[in-house]
Amino acid sequence: MTSPDWTPAPTADGSITMIDPGGLALHDRQGAWTESQERYAKGCALHERARDLDRLGLLDIGTGIGMNLAAALEAVHGGRARLDVTSFELHPGVLRAALLLEQPATVERWIAPVRDALQRALADLEAARVHGIELGDRHHLRLVVGDARAFLPEVPSDSIDAVFLDPFAPAEAPDLWSRSFLADVARTMSTGARLATYTASLSVRTGLAAAGLNVGAAARVGHKAQGTLATRGVAVPPLEERSARKLGRRLERMGLACPEPPAGSGSCATDSRPGPV
């Protein structure tokens, strides 16, 4: 079964993604599940952090079919942390389409509780936004269907330990990559928090650095040569020299310094949290 507006599409690792009404795939066609595991769950070090924290705040920007949330459940399994997720999705149609997807057994184990949570959330979106719902047997999901810019200010400062920044590309959804939006995302991030995204856009990296985050390169996943990692107060893998110079020059033109990053990091970052934008 399919939704009339969203079309299932197999990917190379056997998992299924969706094609939106405009023809855009929600995941890398070389492997939707692999992308969720490697780019987001591993990029944000969820497995390691789940061993150390009692509560792990996750900000998921772009719920989609719930694949990234499923990868998060897999990553924290066996750890002590309870996931406390706030997830934003603009299009309720993709959530309804997600309920109809059948994934391979290796993915179903983790996405089945996400699908169940989405189904209950769709039955009462107001309650899912205000109070949240159970996710699996011990986690919590607050699902917000609407414009993330309007609801992100409700997320408390310093409450988030990991960010999956996964909306449509900057050319398709520019407002969710703007400097003001990225500054608000950074506001929510606690010391030690990690943000992962698939884009290597200079403007996005500049916005993250201007918001006071350490910005570095993420490894290749699928067809993308690299993505971006950003952290609050911890080291990140260095940008390649050319990218680091471009970022430094862009920040200088904005009147922002690029001081020494945390030990072990070769990235560029500003030295303060964002002010009003």
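A quick note: this is a predicted structure, and the numbers were derived from the prediction, not measured.

Reading the values: rules and limits
- Residues numbered from 1 in each chain as written.
- Predicted model: local features only at pLDDT ≥ 70, side-chain atom pairs only at ≥ 80, totals over all residues.
- Heavy atoms only, no water.
- Buried < 20%, exposed > 50% of the residue type's maximum accessible area, 1.4 Å probe, protein only.
- Helix = DSSP H or I, 4+ residues; strand = E, 2+ residues; numbered from the N terminus.
- Pairing = 2+ DSSP bridges.
- Axes fitted to C-alpha atoms, helices over the stretch in contact; angles between N-to-C directions.
- Parallel < 35°, antiparallel > 145°, perpendicular 65-115°, else oblique.
- Left-handed = near helix turned anticlockwise from the far one by under 90°.
- Contact = heavy atoms within 4.5 Å.
- Nonpolar A, V, L, I, M, F, W, Y, C, P; charged D, E, K, R; others polar.
- pLDDT = per-residue confidence, 0-100.
- 1 Å grid on protein atoms, 1.4 Å probe; cavity = no way out; pocket = protein on both sides within 12 Å on 5 of 7 lines; lining within 4 Å.
- Points joined across faces, edges and corners; volume = space filled by probe spheres on them.
- Core = buried A, V, L, I, M, F, W, Y, C linked by side-chain atoms within 4.5 Å.
- Salt bridge = Lys/Arg side-chain N within 4 Å of Asp/Glu carboxyl O.

Draft legend 1. Representation of the pairing of strand β2 (residues 16-19) in the model. Along β2, one buried face is formed by Ile 16 and Met 18 and the opposite face, lined by Thr 17 and Ile 19, is buried too. Alignment of strand β1 (residues 7-10) against β2, held across four bridges, turns out to be antiparallel. The residue of β2 that forms the bridge with Thr 7 is Ile 19. If you look at the hairpin formed by β1 and β2, you'll find five residues sitting between the two strands, and Gly 14 has a positive phi there, around 95°.

Draft legend 2. Just the packing of helix α3 (residues 67-76) against helix α5 (residues 105-123), in detail. Packing of α3 against α5 leaves a shortest axis separation of 8 Å and a crossing angle of 110°. In terms of axis orientation, α3 runs roughly perpendicular to α5. The crossing of α3 and α5 is right-handed. When α3 is examined against α5, the residues Met 67, Leu 69, Ala 70, Leu 73 and Glu 74 are found in contact with a partner set consisting of Val 107, Trp 110, Ile 111, Pro 113 and Val 114. Residues of the contact of α3 with α5, tallied by class, amount to nine nonpolar, no polar and one charged.

Draft legend 3. Main features of the confidence of the model for the chain. Confidence along the chain averages 90 in pLDDT terms, with 90% of residues attaining 70 or more. In this model, residues 270-277 is a region of pLDDT below 50 whose contacts with residues beyond four sequence positions or in other chains number 21 contacts.

Draft legend 4. Focus on the sheet that holds strand β4 (residues 82-89). Overall, mixed pairing links the eight strands, which are arranged β5-β6-β4-β3-β7-β8-β10-β9 in an open sheet. Since the sheet does not close on itself, it has two edges, and those belong to β5 (133-135) and β9 (214-218), each with one partner. Across the sheet, the mean angle separating the axes of adjacent strands is 20° when strand polarity is ignored. Note that strand β3 (residues 55-61) and strand β7 (residues 160-165) share four bridges and pair parallel. Note that in β7 the partner of Leu 58 across the bridge is Ala 162. Packing of helix α9 (residues 202-210) onto the sheet brings it into contact with β8 (189-197), β9 and β10 (227-231), and relative to β9 it is tilted by some 145°.

Draft legend 5. Fine view of the environment of Leu 69. Along the chain, the position of Leu 69 falls in helix α3. Put simply, Leu 69 and Tyr 40 are 29 residues apart on the chain and 9.4 Å apart in space, counted from C-alpha to C-alpha.

Draft legend 6. Structural detail: the layout of surface pockets. There is about 780 Å³ of room inside the largest pocket. Lining the largest pocket are 38 residues, with Asp 166, Pro 167, Phe 168, Ala 169 and Tyr 198 sitting closest to its centre. Contributions of two or more residues to the lining of the largest pocket are made by α3, β4 and α7 (148-151). Here the lining of the largest pocket is composed, by residue class, of 18 nonpolar, nine polar and 11 charged.

Draft legend 7. Focus on the packing of α9 against helix α10 (residues 241-253). Across the interface, α9 lies against α10 with an axial gap of 10 Å and an inter-helix angle of 60°. Overall, the two elements α9 and α10 adopt an arrangement that is oblique. The interaxial crossing formed by α9 with α10 has right-handed handedness. Seen from α9, the contacting residues are Leu 202, Ser 203, Arg 205, Thr 206, Ala 209 and Ala 210; seen from α10, they are Ser 243, Lys 246, Leu 247, Arg 250 and Leu 251. For the contact of α9 with α10, the residue count by class is five nonpolar, three polar and three charged.

Draft legend 8. Expanded view of the nonpolar core. Residues Leu 46, Val 163 and Val 185 are the most contacted members of the largest nonpolar core, which totals 80 residues. Among the elements that make up this core, the one with the highest residue count is α3 (eight residues). In this structure, Leu 46 is in contact with Ala 41, Leu 56, Ala 72, Ala 75, Val 76, Ala 162 and Phe 164, ignoring residues within four places of it in sequence.

Draft legend 9. Up close: empty space enclosed by the protein. Taken as a whole, this structure holds one cavity of 30 Å³ or more when the rule is applied. In this structure, the largest cavity occupies an estimated 40 Å³ of space. Lining the largest cavity are Ile 65, Ala 98, Leu 101, Gln 103, Ile 111, Arg 115 and Leu 118. Per-element accounting of the lining of the largest cavity gives the leading share, three residues, to α5.

Draft legend 10. Structural view of the pattern of salt bridges. A complete count under the given rule lists 13 salt bridges for this structure. Where Glu 154 meets Arg 129, a salt bridge forms, and the shortest distance between an N and an O atom there is 3.4 Å. You can see Glu 154 sitting in the loop between α7 and β7 and its partner Arg 129 sitting in helix α6 (residues 125-130), a full 25 residues away along the chain. Of the charged contacts, one joins Asp 175 and Arg 149 as a salt bridge, the two residues approaching to 2.9 Å between their closest N and O atoms. Note that Asp 175 is positioned in the loop between β7 and α8 (179-188) and Arg 149 in helix α7, a separation of 26 residues in sequence. Put simply, Glu 126, Arg 129, Arg 142 and Glu 154 are held in one network by salt bridges that share partners.

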